[in-house]
Amino acid sequence: MSSRIKEMVRVATARLGGEPSPRAGPSQPGRAESSRTARLGGGGASLRRQPQPQAPTVRTIYCNDREANAPVAYKGNSVSTTKYSVLTFLPKGLFEQFRRVANLYFLMISILSTTPISPVHPVTNVVPLSLVLLVSLIKEAFEDWKRFQNDMSINNAHVDVLQGQKWESSPWKRLQVGDIVRIKQDSYFPADLLFLSSTNADGVCYIETANLDGETNLKIRKALEKTWDYVLPEKASEFKGEIQCEQPNNSLYTFTGNLIVDKQTIPISPNQILLRGCSLRNTEYIVAVVIFTGHETKVMMNSMNVPSKRSTLEKKLDKLILALFATLFTMCVIGAIGSGVFINEKYFYLGLRGRVEDQFNPKNRLVVTILTMFTLITLYSTIIPISLYVSIEMIKFIQCAQFINNDLNMYHAESNTPALARTSNLNEELGQVEYIFSDKTGTLTRNLMEFFKCSIGGEIYGTGITEIEKGGAERAGVRIDDDEDKRSATAVHEKGFNFDDTRIMRGAWRNEPNPEACMEFFRCLAICHTVLPEGEETPEKITYQAASPDEAALVAAAKNFGFFFYRRTPTTVMVRESHVDRMGSMQDVAYEILNVLEFNSTRKRQSVVCRFPNGKLVLYCKGADNVIYERLADGNYDIKKTSREHLEQFGSAGLRTLCLAYRDLSMDQYKSWNEKFVQAKSSLRDRDKKLDEVAELIEKDLILIGCTAIEDKLQEGVPACIETLSAAGIKIWVLTGDKMETAINIAYG
């Protein structure tokens, strides 16, 4: 056993130095020397290469093998959010108390009262200070005990862990890196996990990330095709993959790593990562591997230690006490100087000789002044009431325990969640709001996206009137009638689609001046996305699961325009198209998806490289107008100018806009680019940066097709709420990624 551990340590050391030394064992002979094959891009292109850990900070995890992971001594999965421990409570608690000016003042007075110059007994100062500190420390201990109980309930929650060939329930705190776990529907993820398999078809699961980013719409995660079969415990026990990934960090939306399984190196993206704090939805259960635990999970690395919070009132009290102390000091200085000046032996009848030696000796007036100064400070100390802080602490504690935590108006009945004040230090800050920073989508608006208008080949389609346009007309004194009865017979209003224009509905687009542009527009909507269809493969009964409502709305629009996306496999997208010459005739077309260049907040665009049944290669791209316009080919100035005007018009109507573009590719161009893409996707260092650089090589010389306009209606009562807040003098800032015109008109709306 010791020789085996030494060998594993040598292998780990070699890996940290960048040496490709894959784990070899009796069950995997020759694994260290064998080459790996990576099949990427979905186009059948393969690249045989040795996986080279490119950074000295690579983490290597052996799946389902605790013995192999033991030498590295990864952190456990137990977490603590408490402010104190048994050892640090007294010193840290006293430090927190003596940050207050008043407590420092009373400590000084208590020390002075124990000296012979004090005219009062020490008990009168020491006992009140001790009581103040005791009450404050008890309050701090009680609040930290509540945090500790919450930690214990989380650490002792149970999850199914693979032991041998069966699932066994185990507390979260006993999870280790490399363990294979089963997460059931509506359960929270106990650690950061690599998604292996799901009971859903095509290795898909749905998660809710509200605890991380506040988003309530479900996100889609998709397992690597290589691991889809590891659903049952008997099969999962055979999984012995190796994960090489980045070290723990606090970036919630990025992940870089490779999975080495069956001599293949497969890149891992954030699409396969399940973060602690998220929950599983609409999926019976999933199987996953633990990669980060405890305080190394991304959510815990984003959390801070419990800060020492001080309210505005407490800071004002400190200033008030300093002012009182300045007044007290002035009084004592005047009294001490007077004592030094007027002291005289003729006042023998006052019995001053019996006091402290030299304190009232007329022959040494400086000493008399100094000693009298301290005596007066002790004597006048009651000018600063020590009971002030005790009263405030007790009031705060009672407010939290009896009022805030039991407030029915702050109780959420649906989730059975009452208000919980984790600290009482900031009670008086409640309601003191000067600025509000609000998200737009899902906060001011409903996050229910509907395809409303579009511009194709320089022509606007869609006759509807938005809420923002109605509001603008009302401000201008113009009356607008938007009667539902006036909608045409071709108008459709369903989830994600609210469009009316007889020129392009029900196949009428074939009669437009530029039907080829319409066809490319609809095809781009149907192909360039990551949406997953569910249910029966009919336009009436199918449902779309998307990472954002925008994507679902665009795919729903393509369906209503006659390009019905109904099935997705790992490498193909199936679209039922009605673009053939005869009206009413359909054609099922399989587009092979070779590469997906995913959307993120930096790129602000999404692209797919697809192969048509006839072998034609096309890049479809959709994104923000400024990003797409930067990458358009020269020429076509008229359509660019016209589309720009349409975008401004859509933005003024409060609509969310996207531009669509495409580019034809030759096979040589694609092969040369795909090699660079595969290398970038397998990189363990700066993977995102390299992928962006590779994407720039192909996302250029695009041809503009048109732009979309999606409406996200305001929440009920938003205008009245904003008006009330403004009348109260509260300043409101809206944070949005939309166009400036959209944000301005949403605010006016």
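Cut-offs used in this document
- Residues numbered from 1 in each chain as written.
- Predicted model: local features only at pLDDT ≥ 70, side-chain atom pairs only at ≥ 80, totals over all residues.
- Heavy atoms only, no water.
- UniProt positions renumbered as here; feature names shortened; annotations may be inferred.
- Buried < 20%, exposed > 50% of the residue type's maximum accessible area, 1.4 Å probe, protein only.
- Helix = DSSP H or I, 4+ residues; strand = E, 2+ residues; numbered from the N terminus.
- Pairing = 2+ DSSP bridges.
- 1 Å grid on protein atoms, 1.4 Å probe; cavity = no way out; pocket = protein on both sides within 12 Å on 5 of 7 lines; lining within 4 Å.
- Points joined across faces, edges and corners; volume = space filled by probe spheres on them.
- Nonpolar A, V, L, I, M, F, W, Y, C, P; charged D, E, K, R; others polar.
- Domains from an automatic or database assignment.
- Axes fitted to C-alpha atoms, helices over the stretch in contact; angles between N-to-C directions.
- Patch = residues over 30% accessible without salt bridge, like charges linked within 9 Å, V, L, I, M, F, W, Y side chains within 5 Å.
- Areas by Shrake-Rupley, 256 points an atom, 1.4 Å probe, with all protein chains shown as cover.
- Salt bridge = Lys/Arg side-chain N within 4 Å of Asp/Glu carboxyl O.
- Contact = heavy atoms within 4.5 Å.
- Phe/Tyr/Trp six-rings, centres within 6.5 Å; stacked < 30°, edge-to-face > 60°.
- Lys NZ or Arg CZ within 6 Å of the ring centre and 35° of its normal.
- pLDDT = per-residue confidence, 0-100.
- Expected span 1.5 Å × (residues − 1).
- Arc of directions from axis to C-beta.
- Parallel < 35°, antiparallel > 145°, perpendicular 65-115°, else oblique.
- Left-handed = near helix turned anticlockwise from the far one by under 90°.

- The name that an unreviewed UniProt entry assigns to the protein is Phospholipid-transporting ATPase, with the source organism given as Triticum aestivum.
- According to the UniProt record, the Sequence similarities (unreviewed entry) comment for the protein reads "Belongs to the cation transport ATPase (P-type) (TC 3.A.3) family. Type IV subfamily."
- As recorded by UniProt, the Catalytic activity (unreviewed entry) comment attached to the protein reads in full: "ATP + H2O + phospholipidSide 1 = ADP + phosphate + phospholipidSide 2."

1. Overview of the pairing of strand E28 (residues 656–665)
When a strand is regular, its side chains alternate between the sheet's two faces.
No. 1: Burial analysis of E28 places eight of its ten residues in the buried class, which makes it a mostly covered element.
No. 2: Bridge count for E28 against strand E29 (residues 703–714) is seven bridges, and the pairing is antiparallel. Along E29, the bridge assignment pairs Leu-658 with Thr-708.

2. A few points about the layout of surface pockets
No. 1: Estimates place the volume of the second largest pocket at around 980 Å³.
No. 2: In this structure, the second largest pocket is lined by 31 residues; those nearest its centre are Thr-81, Asn-150, Asp-151, Met-300 and Arg-422.
No. 3: Among the elements of the structure, helix H5 (123–155) and helix H8 (298–302) are those that each provide at least two residues to the lining of the second largest pocket.
No. 4: Class assignment of the residues belonging to the lining of the second largest pocket gives a composition of eleven nonpolar, twelve polar and eight charged.
No. 5: Residues from two domains meet in the lining of the second largest pocket; each of domain 1 (175–302) and domain 2 (389–432) gives at least three.

3. A few points about the sheet that holds strand E14 (residues 279–281)
No. 1: In space, the three strands of this open sheet follow the order E9-E8-E14, with antiparallel pairing throughout. Every other strand in the sheet has two partners, leaving strand E9 (219–222) and E14 as the edge strands with one partner each. The sheet shows a mean angle of 45° between the axes of neighbouring strands, direction not considered.

4. Here we look at the sheet that holds strand E3 (residues 59–62)
No. 1: Ordered in space as E3-E10-E11-E12, the four strands form an open sheet in which the pairing is antiparallel. One side of each edge strand has no neighbouring strand; the edge strands of this open sheet are E3 and strand E12 (264–268). Between one strand axis and the next, the sheet turns through 20° on average, direction left out of account.

5. Examining a nonpolar patch on the surface
No. 1: A cluster of nonpolar side chains, Val-123, Val-127, Leu-131, Leu-134 and Ile-138, forms an exposed patch at the surface whose accessible area comes to about 450 Å².
No. 2: Turning to its location among the elements, Leu-134 is positioned in helix H5.
No. 3: Overall, the relative accessible area of 47% leaves Leu-134 in the partly exposed class.

6. Considering the UniProt feature "binding site: Mg(2+)" (unreviewed entry) in the protein
No. 1: Mapped onto this numbering, the UniProt entry annotates "binding site: Mg(2+)" (unreviewed entry) at Asp-439 and Thr-441.
No. 2: Along the polypeptide, Asp-439 turns up in strand E16 (residues 435–439).
No. 3: Sequence-distant contacts of Asp-439, defined by excluding residues within four places in its chain, comprise Leu-444 and Leu-735.
No. 4: Examined against the element boundaries, Thr-441 turns out to sit in helix H12 (residues 440–444).
No. 5: Every residue in contact with Thr-441, bar those within four places of it in the chain, is listed here: Asn-447, Met-449, Arg-656 and Asp-712.

7. Some points on the pairing of strand E5 (residues 166–171)
No. 1: Of the strand pairs in this sheet, strand E4 (residues 158–163) and E5 are connected by six bridges, and their pairing is antiparallel. The partner of Val-159 across the bridge, within E5, is Ser-170.
No. 2: Linkage of E4 to E5, two consecutive antiparallel strands, is achieved through a turn of two residues, within which Gly-164 is found at a positive phi near 70°.

8. Remarks on the packing of aromatic side chains
No. 1: Considering all chains together, one arrives at 27 aromatic pairs under this definition.
No. 2: Judged by centre distance (4.9 Å) and plane angle (80°), the rings of Tyr-591 and Phe-612 are edge-to-face. You can see Tyr-591 sitting in strand E25 (residues 587–597) and its partner Phe-612 sitting in the loop between strand E26 (605–611) and strand E27 (617–623), a full 21 residues away along the chain.
No. 3: Judged by relative accessible area, Phe-612 falls into the buried class, the value being 10%.
No. 4: Every member of this aromatic cluster is reached through a ring pair, and the members are Phe-451, Phe-497, Phe-499, Trp-509, Phe-521, Phe-522, Phe-561 and Phe-563.
No. 5: Across from the ring centre of Tyr-629, 4.0 Å away, lies the NZ or CZ of Arg-644, which sits over that ring.

9. Notes on the confidence of the model for the protein
No. 1: Mean pLDDT over the protein works out to 82, with 85% of the residues at or above the 70 mark.
No. 2: Confidence over residues 1–56 falls short of pLDDT 50; this stretch has 103 contacts with residues more than four positions distant or in other chains.

10. Details of unusual backbone geometry
No. 1: Of note, the phi angle at Arg-506 is positive, near 55°, even though the residue is not glycine.
No. 2: Residue Lys-604 is not a glycine yet carries a positive backbone phi of 60°.
No. 3: Looking at the secondary structure, you find Lys-604 in the loop between E25 and E26.
No. 4: By relative accessible area, which is 39% here, Lys-604 ends up partly exposed.

11. Focus: the UniProt feature "active site" (unreviewed entry) in the protein
No. 1: If you check UniProt for "active site" (unreviewed entry), the listed places come out as Asp-439 in our numbering.
No. 2: Of the residues examined, Asp-439 reaches a relative accessible area of 34% and is grouped as partly exposed.

12. Here we look at helix H17 (residues 637–652)
Three or four residues apart is the spacing at which side chains of an α-helix point the same way, because the helix has 3.6 residues per turn.
No. 1: With 16 residues, H17 extends 23 Å from end C-alpha to end C-alpha; this agrees with the ideal 22 Å at 1.5 Å per step.
No. 2: Among the residues of H17, Ile-639, Lys-640, Ser-643, His-646, Leu-647, Phe-650 and Gly-651 are the ones counted as buried. The buried residues of H17 occupy an angular sector of 135° when projected down its axis, which confines them to one face. For H17, the exposed residues set more than 90 degrees away from the buried face come down to Tyr-637, Asp-638 and Lys-641.
No. 3: Once H17 finishes, Gly-654 follows within two positions and takes phi at roughly 80°, a positive value.

13. Focus on the environment of Cys-707
No. 1: Tracing the backbone shows Cys-707 in strand E29.
No. 2: Look at Cys-707 and you get buried, because its relative accessible area is 0%.
No. 3: Each C-alpha atom of the pair Cys-707 and Leu-658 lies 5.4 Å from the other, and the pair is 49 residues apart in sequence.
No. 4: Those residues in contact with Cys-707 that lie beyond four places of it in its chain are Cys-454, Ser-455, Phe-521, Ser-643, Leu-647, Phe-650, Leu-658 and Cys-659.

14. Thoughts on the environment of Phe-564
No. 1: Relative to the assigned elements, Phe-564 resides in strand E23 (residues 563–568).
No. 2: Phe-564 sits in the buried class, given a relative accessible area of 4%.
No. 3: With 39 residues separating them in the primary sequence, Phe-564 and Leu-525 have C-alpha atoms 9.9 Å apart.
No. 4: Aside from chain neighbours lying at most four places away, what touches Phe-564 is Glu-537, Thr-538, Pro-539, Ile-542, Tyr-544, Ala-558, Lys-559, Met-574, Val-575 and Arg-576.

15. Some details on the packing of helix H18 (residues 667–682) against helix H19 (residues 687–698)
Helix-helix packing: each pair is described by the crossing angle between the helix axes and the interaxial distance.
No. 1: Look at H18 against H19: their axes get within 8 Å of each other, and the N-to-C directions meet at 165°. Accordingly, the angle class assigned to the pair H18 and H19 is roughly antiparallel. Every pair of crossing elements has a handedness; the one defined by H18 and H19 is left-handed. Mapping the contact onto sequence places Trp-673, Lys-676, Phe-677, Ala-680, Lys-681 and Ser-682 in H18 and Arg-687, Lys-690, Leu-691, Val-694, Ala-695, Leu-697 and Ile-698 in H19.

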